Amino acid sequence: MGRPRTNDVVVKERLVECATEMLATRPRESLTVRAVAAAAEASTTAVYSLFGGKDGLIGAVRDRAVAGLFQDLSAAQTSADPFADLYALAVAYRRWGRAHSHLYMVLFGGVQPFDPSGEIGASDPVRPLLAAIDRAVAASVLAGEATSIALSIWATLHGMVTLELAGALDSATAEAAFRSTIDATLRGWATPAVFRSLRQAELTR
């Protein structure tokens, strides 16, 4: 029997998928080269030849999560209404988290923690949010410092999506709570004039 291929694209994908599931569902220290190779039905040599070792494999998982979330957030609609754009970003964030629950848990479970004070890279998932906030501040829709607003919105989104993924909310409750909570968070940063108009619109519905 010939030796198994260690640089096959299929093997690489399987290793990343198995590592993603393990990082999302088990303590990080339980991910060893031997364990992930066994789960992927690959050799330990494949992990080293394809990723350089465990750290490289974890980095590949992190990069996939970052790239996926950034792509979906960057694809969210932009319009003349900064408030609508921020809501669209919130919807895109939730949709990505629900569709990629393991990657979401890896991304925000310690492999790639959110650091609002760190340097923002060109493909950082927070960049589309900061850009939308900057537009909203420039249009006098929101008032405040962009990083503080971003952290507030992200904390709200993260809490809602995490509860939903954990099964703490049924689908109807999650949908209603998401809309009302994101609306309330955005209103909290609105300029006084915009806040009054939003509240008036609610009262007349």
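Just so it is clear, the structure is predicted and the values come from calculations on it, not from any experiment.

## A short note on the overall build of the protein
Step number 1: Along the protein, the regular secondary structure elements total 10 helices and 0 strands.
Step number 2: Walking the protein from its N terminus toward its C terminus, one meets helices and strands in the order α-α-α-α-α-α-α-α-α-α.
Step number 3: Here the protein holds 205 residues, and 37% of them are scored as buried.
Step number 4: Taking as baseline every contact in the protein between residues at least 6 positions apart, the subset at least 24 positions apart corresponds to 66%.

## A closer look at the nonpolar core
Note on soluble globular proteins: their nonpolar side chains tend to be buried together.
Step number 1: By size, the foremost hydrophobic cluster in this structure holds 55 residues, and its most contacted members are Leu15, Leu57, Leu86, Tyr93, Leu129, Ile133 and Ile153.
Step number 2: If we skip the residues at most four places from it in the chain, leucine 15 touches Val36, Ala37, Ala40, Ala42, Ala46, Val47, Leu50, Phe51 and Leu57.

## Remarks on the packing of aromatic side chains
Step number 1: Going through the model one piece at a time under the given rule, you end up with 5 aromatic pairs.
Step number 2: For the pair tyrosine 93 and tyrosine 104, a centre-to-centre distance of 5.7 Å together with 85 degrees between the ring planes defines the contact as edge-to-face. Separated by 11 residues along the polypeptide, tyrosine 93 in helix α5 (residues 82–99) and tyrosine 104 in helix α6 (residues 101–111) bring together distant segments of the chain.
Step number 3: Ring centres of tyrosine 104 and phenylalanine 108 lie 5.0 Å apart, and the angle between their planes is 65 degrees; this geometry places the pair in the edge-to-face category. Taken together, the positions of tyrosine 104 and phenylalanine 108, both in helix α6 and 4 residues apart, correspond to about one turn of that helix.
Step number 4: One Lys or Arg, arginine 94, reaches over the ring of phenylalanine 178 and ends 4.9 Å from the middle of that ring.

## Describing the pattern of salt bridges
Side chains that differ in sign of charge can pair as their charged atoms come close.
Step number 1: Under the criterion given, the structure shown has 7 salt bridges.
Step number 2: The partner of arginine 64 in a salt bridge is glutamate 13, and the shortest N-O contact between them spans 2.8 Å. Note that arginine 64 is positioned in helix α4 (residues 54–74) and glutamate 13 in helix α1 (residues 9–25), a separation of 51 residues in sequence.
Step number 3: Here arginine 64 falls in the partly exposed class, since its relative accessible area comes to 35%.
Step number 4: Among the charged side chains, a salt-bridge network with shared partners connects Arg94, Arg98, Glu164, Glu175 and Arg179.

## A short note on unusual backbone geometry
Step number 1: With phi around 55 degrees, glutamate 41 is a residue other than glycine that occupies positive phi space.
Step number 2: Within the secondary structure, glutamate 41 sits in the loop between α2 (33–39) and α3 (44–51).

## Describing the packing of helix α7 (residues 126–138) against helix α8 (residues 146–165)
Step number 1: Running from N to C, α7 and α8 point in directions that differ by 120 degrees, and their axes come no closer than 10 Å. Classified by the angle between their axes, α7 and α8 sit oblique to one another. Considering how the two elements wind past one another, α7 and α8 form a crossing that is right-handed. Taking contact as the criterion, the partners of Leu129, Leu130, Ile133, Asp134 and Val137 in α7 are, on α8, Ala146, Thr147, Ile149, Ala150 and Ile153.
Step number 2: Looking at the contact of α7 with α8, its residues break down into 8 nonpolar, 1 polar and 1 charged.

How each quantity is defined
- Each residue is numbered by its place in its chain's sequence as written, counting from 1.
- With pLDDT at 70 or above as the cut-off, local features in this predicted model cover only qualifying residues; side-chain atom pairs require 80 or more to be listed or tallied, and sums for whole chains, interfaces and linings still use all residues.
- In computing side-chain properties, one takes all heavy atoms of the structure into account and sets aside hydrogens as well as water.
- Only DSSP runs of H or I reaching four residues or more are called helices, and only runs of E reaching two or more are called strands; each is numbered from the N terminus.
- Buried means the residue's accessible area, taken with a 1.4 Å probe over protein chains only, is under 20% of the maximum for its type, while exposed means over 50%, and partly exposed covers the values in between.
- Residue contacts are defined here by distance: any two heavy atoms, one from each residue, within 4.5 Å place the two residues in contact.
- The criterion is simple. A nonpolar core is a set of buried Ala, Val, Leu, Ile, Met, Phe, Trp, Tyr and Cys residues joined through side-chain atoms within 4.5 Å.
- For Phe, Tyr and Trp, where Trp contributes only its six-membered ring, two rings pair if their centres lie within 6.5 Å, and the inter-plane angle classes them as stacked under 30 degrees, edge-to-face over 60, or tilted in between.
- Put simply, a charge is over a ring when the Lys NZ or the Arg CZ is close to the ring centre, within 6 Å, and near the line of the ring normal, within 35 degrees.
- One speaks of a salt bridge when a side-chain nitrogen belonging to Lys or Arg is within 4 Å of a carboxyl oxygen belonging to Asp or Glu.
- For helices, the fitted line uses only the C-alpha atoms of the stretch in contact; every axis is such a line through C-alpha atoms, and the angle between N-to-C directions lies from 0 to 180 degrees.
- Angular relationships are summarised with four words: roughly parallel below 35 degrees, roughly antiparallel beyond 145, roughly perpendicular across 65 to 115, and oblique for the angles in between.
- By the definition used in this description, the sense in which the near helix is turned from the far one sets the handedness, with an anticlockwise turn below a right angle giving left-handed and a clockwise turn giving right-handed.
- Side-chain classes are defined by residue name, with Ala, Val, Leu, Ile, Met, Phe, Trp, Tyr, Cys and Pro counting as nonpolar, Asp, Glu, Lys and Arg as charged, and the others, Gly among them, as polar.

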